[in-house]
Amino acid sequence: MPVLLGEALAALTVVTGGCYVDATFGRGGHSRALLEGLGDDGRLIALDRDPDAIDAGRRRFNGDARVELVHASFEQLDEVLAARGVYGAVDGLLMDIGVSSPQIDTPERGFSFMADGPLDMRMDPTRGPSAADWLAAADERDMSRVFKQFGEERHARRIAAAIVGARDDAPITRTGQLAQLITDSVPRSKERIHPATRVFQALRIQINDELGQLARALPKAVDALAVGGRLAVIAFHSLEDRIVKRFFRDGSRIDPVYSGLPNIPDAAQPRLEIAVRRARAGADECAQNPRARSATLRAVRRVR
């Protein structure tokens, strides 16, 4: 179930013959809606770093000549779109940041502690170390920093120390194993969320370099747009949303070096215009899809 679907379509102002990019395909909910707004001469390029998502998309949109699916991270937007001759000519680009529901709901992917599975957490399981690999190699200080910075976990040091002590006895390779270790190492709390929630979020962000990829991808996404093209980003937690908010804010202002001067060169003029400052899911959507509760959409239009 795509989050903030109506708000995303309104922000992108889809035109029938336009060229659009879904930079985070997932299971294609947003892409399907974009295609409904496109005519026979429209074009949709969809990316995802998860090969399972690309396989599902090819089955879903098999035979639709308007669609091209690419196994790539949105950090590779420039390479993917330049190779197809549309970099700088895109009418609308959507980024729905973070983990997808199928990833969370598949125990074998290791994103959730709700069902036991291998401690993997890679959005692209063909690349890089898994969460188990990282926990086996990281020192206590690095673990504590990651849990605190990316998970805002107040017991970060205590949990990191418990992991280091436990891995001396046996490798930590299962989601259930890690969740129980965290639960046993922190004081009991009246909080409604599971004690492992923040650590699992932090690990996922670390393993997939989510914040780094987002920060590097946003300038490429703007460069991908034609003048008048629109970029919409859906974020699910404050760390992501803060990066998006600041990037959009800075891009929509005159270069501060020239602020207040009577003659401002074109190169110092804003490149962006805020199209949607902040949109959140309404009560009806949250009731149908609880995962929409934390979603925030922001959008800009390229003006230069």
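Here the structure is a predicted model, which means the values were calculated and not measured. (Residues numbered from 1 in each chain as written. Predicted model: local features only at pLDDT ≥ 70, side-chain atom pairs only at ≥ 80, totals over all residues. Heavy atoms only, no water.)

1. Things to note about the overall build of the protein chain
For the protein chain, the count of helices and strands is 13 helices and seven strands. Scaling as 2.2 N^0.38, a compact globule of 304 residues should have a C-alpha radius of gyration of about 19 Å, and the protein chain matches this with 21 Å. Projected onto its principal axes, the C-alpha coordinates of the protein chain cover approximately 60 × 55 × 40 Å. Each of the 304 residues in the protein chain was classed as buried or not, and the buried ones make up 49%. Restricting the contact set of the protein chain to residue pairs at least 6 apart, pairs at least 24 apart contribute 67%. For the protein chain, the accessible area works out to roughly 14,700 Å², and carbon and sulfur atoms hold 48% of it. Once the 43 positive and 42 negative side-chain charges of the protein chain are each reduced to a mean point, those two points are 5 Å apart. (Helix = DSSP H or I, 4+ residues; strand = E, 2+ residues; numbered from the N terminus. Rg over C-alpha atoms; globule rule 2.2 N^0.38 Å. Buried < 20%, exposed > 50% of the residue type's maximum accessible area, 1.4 Å probe, protein only. Contact = heavy atoms within 4.5 Å. Areas by Shrake-Rupley, 256 points an atom, 1.4 Å probe, with all protein chains shown as cover. Lys, Arg positive; Asp, Glu negative; His and termini not counted. Charge placed at Lys NZ, Arg CZ, Asp CG, Glu CD.)

2. A short note on the pattern of salt bridges
Tallied over the entire structure, the rule returns 17 salt bridges. The salt bridge partner of Arg301 is Glu273, with a shortest N-O separation of 3.2 Å. Note that Arg301 is positioned in strand β7 (residues 296-302) and Glu273 in strand β6 (residues 272-280), a separation of 28 residues in sequence. Here Arg301 falls in the partly exposed class, since its relative accessible area comes to 26%. Connected via shared salt-bridge partners are Asp50, Asp52 and Arg109. (Salt bridge = Lys/Arg side-chain N within 4 Å of Asp/Glu carboxyl O.)

3. Regarding a positive patch on the surface
A cluster of basic residues, Arg242, Lys245, Arg246, Arg278 and Arg280, forms a positive patch at the surface. For the positive patch, the secondary-structure elements that each account for two or more residues are α12 (238-251) and β6. The dominant element in the positive patch, judged by the number of residues it contributes, is α12, at three residues. With respect to the secondary-structure elements, Lys245 resides in helix α12. By relative accessible area, which is 48% here, Lys245 ends up partly exposed. (Patch = residues over 30% accessible without salt bridge, like charges linked within 9 Å, V, L, I, M, F, W, Y side chains within 5 Å.)

4. What to know about helix α9 (residues 175-185)
Among all positions in α9, only Thr175, Leu178, Ala179, Leu181, Ile182 and Ser185 are buried. Down the axis of α9, the buried side of the element spans an arc of 160°, and every buried residue falls inside it. The secondary structure elements touched by the buried residues of α9 are α6 (131-137), α8 (156-167) and α10 (197-208). (Arc of directions from axis to C-beta.)

5. Some points on the environment of Met95
Position of Met95 relative to the elements: it lies in strand β4 (residues 90-96). Residue classification places Met95 among the buried positions, given a relative accessible area of 0%. Distance in space between the C-alpha atoms of Met95 and Ala217 is 9.8 Å, their sequence separation being 122 residues. If we ignore the near neighbours within four places in the chain, the residues touching Met95 are Ala23, Thr24, Phe74, Leu214, Ala217, Leu218, Ala221, Leu231, Ala232, Val233 and Ile234.

6. Section: the nonpolar core
Judged by nonpolar contacts, the single largest core of 35 residues is most densely connected at Leu119, Leu135, Met143, Phe147, Ile163, Leu178 and Phe200. Those elements giving two or more residues to this core turn out to be α6, α7 (140-151), α8, α9 and α10. Counting residues in each nonpolar core, the second largest holds 29 residues, with Val90, Met95, Ala224 and Leu231 among its members. (Core = buried A, V, L, I, M, F, W, Y, C linked by side-chain atoms within 4.5 Å.)

7. Some details on the layout of surface pockets
Empty pockets left among the atoms are what a rolling probe the size of a water molecule brings to light. In this model, the second largest pocket occupies a volume close to 240 Å³. Lining the second largest pocket we find 17 residues, and of these Arg49, Arg127, Ile207, Asn208 and Gln213 sit closest to its centre. Per element, the largest residue contribution to the lining of the second largest pocket is three residues, and it comes from α10. By residue class, the composition of the lining of the second largest pocket is five nonpolar, seven polar and five charged. (1 Å grid on protein atoms, 1.4 Å probe; cavity = no way out; pocket = protein on both sides within 12 Å on 5 of 7 lines; lining within 4 Å. Points joined across faces, edges and corners; volume = space filled by probe spheres on them. Nonpolar A, V, L, I, M, F, W, Y, C, P; charged D, E, K, R; others polar.)

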